[in-house]
Amino acid sequence: MEPLSVANDVQVRTLSLLHYSEWLLLIAISAISVVLLQNALSSCRAASVKWPPGPPAWPIIGHLHLLGHLPHQSLCKLAQTYGPLLGLRLGGVPVIVASSPQMAKEILQTHDAALAYRPRSAAAVHLCFESSDVAYAPLGPYWKFLRQVYATELFSPKKMDAFRYVREGEVRGLARAVLLRCGEHGAPVEVRGSLVMASNNIICRMAMGKKLEDVRAGAGEEVESLHNLIKDLLHLVGVFYLGDYVPWLAWLDPHGYLKRMRITAQRIHALLQGVIDERRQHNNKRVGAEVKGPDDLLDVLLAASCTNVNNKEVPMTEKHIMAAIQDVFIGGSHSSAVTVEWALAELINHPKVMKKLHEELDNVIGKGRLVEESDIPNLTYLEYVVKESMRLHPIAPFLVPREAKQECIIGGFKICRGTHIYVNTWAIGRDSSTWEEPLEFLPERFLKKNIDLRGQHFDFLPFGMGRRRCPGWALGISNVCLMLATLVQAFTWHCTISETSQGILDMSEKFGLTVDMEKRLEAIATPRLPLHLY
Ligand code: HEM
């Protein structure tokens with residue numbers, strides 16, 4: 001019975017998102033068009049020997065009404081009834097959802113080449129420069145080139161080392177920002193803003209050689225509004241836009257997402273154009289005066305724009321440069337910050353784990369200096385804490401949705417071309433057949449289970465796997481470990497008195513491009529090191 005009650009609950013919530021009159025209109029159109037759609041769908045079904053099981057679909061909207069506000073949770077529940085490979089239809093789009101390590105393996109490894117494409121969405125077109133960025137570009141020479149540039153210019157051990165001072169400096173700034181708010185004797189602090197600020201600055205300095213606040217001058221924007229612009233961008237890339245699933249109902253767009261996407265895209269465009277123009281001017285001035293190779297991502301992309309003029313396979317116009325720069329923000333800004341926020345909240349809810357981590361930090365580093373990146377390999381318990389938090393709170397619970405470019409067989413079911421593919425890593429991380437006491441926060445489990453964060457294990461996929469695996473995993477892990485270690489080493493953390501439920505933080509989720517804590521983490525921070533160290 002459970003799936004039905006869940007379905008009803010989410011139906012009510014989804015229905016309330018649209019205006020009553022819009023639904024009347026939708027139902028009227030449904031009645032007229034149901035036959036047409038049945039025909040359209042039959043092409044996929046005809047091609048399928050067996051389509052994976054799933055609940056009955058509604059006309060027009062298919063299973064959209066079952067998603068609710070937390071689709072990864074709703075689909076996890078459905079998988080308990082229909083099995084580890086769910087077959088759904090979201091509007092007019094056939095979708096499969098993998099919820100077991102075996103299904104994930106078939107998708108991300110066995111059929112990776114055929115399934116590593118991205119669906120074309122309004123966000124990809126309007127916000128990501130017509131799918132010209134790494135995350136939405138189709139597999140091919142252009143996408144490969146960008147991944148290669150990222151690998152050598154941002155994430156290679158040499159570059160990671162060269163920018164270590166940037167990360168350590170920004171994370172020290174994070175500790176100072178918290179200290180400024182909590183004072184010598186401790187006070188409630190909301191950390192997300194400072195975490196995002198530190199992540200944005202790290203990314204911005206690595207990609208464009210300057211802090212976000214220095215981009216402001218060229219763009220004529222206040223730094224606050226730049227952070228908000230990035231926030232809007234991330235929000236809009238992650239929204240549910242009806243037109244992606246039922247294109248002929250795109251005009252319904254009750255939240256005005258399309259308009260907001262266009263406005264945000266214009267602002268981003270102006271911002272990045274300003275940054276590019278400024279760098280070109282700067283580079284022109286130094287021609288002849290200095291013989292200097294490219295030094296950051298922007299320089300490398302600008303150099304490629306000169307050499308790739310006639311290269312149709314790997315074009316590098318202003319649009320492509322902007323897309324590649326923007327992606328570093330989309331992928332790297334919020335992901336690390338959100339991961340740290342979840343981990344810190346789990347630690348606050350588990351004082352014994354927090355105590356053990358404090359002990360490790362005190363034993364390995366002492367109280368005479370702040371943690372540095374070179375300490376991280378010696379902090380084994382920190383590693384377990386980060387892994388355990390990422391298991392329970394994968395920030396991209398469906399990875400980035402994929403699209404099948406070829407028909408193939410998965411789990412004995414025939415998947416037709418054009419099917420969208422979700423790998424539910426949230427469900428996989430909480431599966432009791434793989435994990436003992438899956439809902440408990442037990443970092444010690446990783447003592448016995450030797451699992452690499454970088455992803456060779458299909459029961460733990462925080463960075464995805466296969467061709468589309470996160471290219472920024474090394475930077476992501478460094479940022480998360482250093483930020484979390486610093487916040488824990490430098491402060492004690494307790495729930496605020498306003499946290500009603502017996503000193504336990506509210507761990508409810510909010511779905512979007514990343515799954516964030518619904519209620520921003522606010523806790524009492526008190527410094528635990530001599531103040532001159534911050
Ligand atoms: C804790 C930090 C991070 C986490 C948890 C994370 C997680 C992920 C995940 C799950 C994916 C989807 C993989 C797939 O579809 O199979 C992804 C893709 C991606 N990530 Fe990350 N990421 C993090 C940090 C970063 C950073 C720091 C950057 C860049 C500066 C970055 C850039 C990207 C890009 C560009 C993609 C798309 C790759 C493609 O489609 O080819 N990520 N990330």
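Small disclaimer: the values here were computed from a predicted structure and weren't measured.

Q: Describe in detail the overall build of the chain, supporting the description with residues and values.
A: A count of helices and strands for the chain gives 20 helices and 11 strands. The contacts of the chain with a sequence gap of at least 6 include a subset with a gap of at least 24, amounting to 75%. Per element, the accessible surface of the chain, about 23400 Å² overall, is 56% carbon and sulfur.

Q: Any chance you could break down the site of the ligand for me, citing the residues and the numbers?
A: Surrounding the ligand, one finds 31 residues, the nearest of these being R118, W143, R147, R468 and C470. At 2.8 Å, a side-chain N or O of R147 approaches an oxygen atom of the ligand. A distance of 3.3 Å separates a nitrogen atom of the ligand from a polar backbone atom of G331. Going through the elements one at a time, α7 (141-153), α15 (318-349) and α20 (473-490) are the ones with two or more residues in the shell around the ligand. Sorting elements by how many residues they give to the shell around the ligand places α15 first, with seven residues.

Q: Lay out the UniProt feature "binding site: heme" (unreviewed entry) in the chain in plain terms, naming residues and giving numbers.
A: On the UniProt side, "binding site: heme" (unreviewed entry) is annotated at positions that read C470 here. Along the polypeptide, C470 turns up in the loop between α19 (445-448) and α20. Excluding its chain neighbours within four sequence positions, the residues that come into contact with C470 are R147 and F463.

Q: So what's going on with the sheet that holds strand β11 (residues 522-527)? Residues and values would help.
A: Spatial strand order, β3-β11-β8: three strands in an open sheet with antiparallel pairing. With partners counted over all chains shown, the strands left at the sheet margins are β3 (187-190) and β8 (491-495), one partner each. Sheet twist, expressed as the mean angle between neighbouring strand axes with direction ignored, is 45°. When β8 meets β11, the two strands line up antiparallel, connected through five bridges. When the sheet's bridge partners are listed, W493 is paired in β11 with A525. Here helix α9 (residues 164-182) sits on the sheet and contacts β3, β8 and β11; the angle it forms with β3, its principal contact strand, is near 140°. Sheet strands in contact with α15 are β8 and β11, and its direction is about 75° off that of β8.

Q: I'd like to hear about helix α14 (residues 297-307), residue by residue, with values.
A: The buried fraction of α14 is high, at eight of 11 residues. Those residues of α14 that sit buried are L297, L298, D299, V300, L301, L302, A304 and S305.

Q: Give a detailed account of α9, specifying residues and quantitative values.
A: In an α-helix, one turn spans 3.6 residues; hence positions three or four apart end up facing the same way. Between the first and last C-alpha of α9 there are 27 Å, a value that for 19 residues agrees with the 27 Å anticipated at 1.5 Å per step. If you follow the buried residues of α9, they end up packed against α8 (157-162), β3, α10 (192-208), α20, β8 and β11. Of the residues flanking the end of α9, it is G183, one or two places downstream, whose phi is positive at about 70°.

Q: If you had to explain the pattern of salt bridges to someone new, which residues and values would you point to?
A: Pairing between side chains of opposite charge can happen when their charged atoms approach one another. Summed over the entire model, instances satisfying the criterion amount to 24 salt bridges. Between D112 and R402 there is a salt bridge; the shortest N-O distance is 2.9 Å. In this pair, D112 sits in helix α5 (residues 112-115) while R402 sits in strand β4 (residues 402-403), placing the two residues 290 residues apart along the sequence. Given a relative accessible area of 3%, D112 falls into the buried group.

Calculation rules
Residues numbered from 1 in each chain as written. Predicted model: local features only at pLDDT ≥ 70, side-chain atom pairs only at ≥ 80, totals over all residues. Heavy atoms only, no water. Helix = DSSP H or I, 4+ residues; strand = E, 2+ residues; numbered from the N terminus. Contact = heavy atoms within 4.5 Å. Areas by Shrake-Rupley, 256 points an atom, 1.4 Å probe, with all protein chains shown as cover. Near = heavy atom within 4 Å. Polar contact = N/O pair within 3.5 Å; in protein donor to acceptor, adjacent residues only side chain to side chain. UniProt positions renumbered as here; feature names shortened; annotations may be inferred. Pairing = 2+ DSSP bridges. Axes fitted to C-alpha atoms, helices over the stretch in contact; angles between N-to-C directions. Buried < 20%, exposed > 50% of the residue type's maximum accessible area, 1.4 Å probe, protein only. Expected span 1.5 Å × (residues − 1). Salt bridge = Lys/Arg side-chain N within 4 Å of Asp/Glu carboxyl O.

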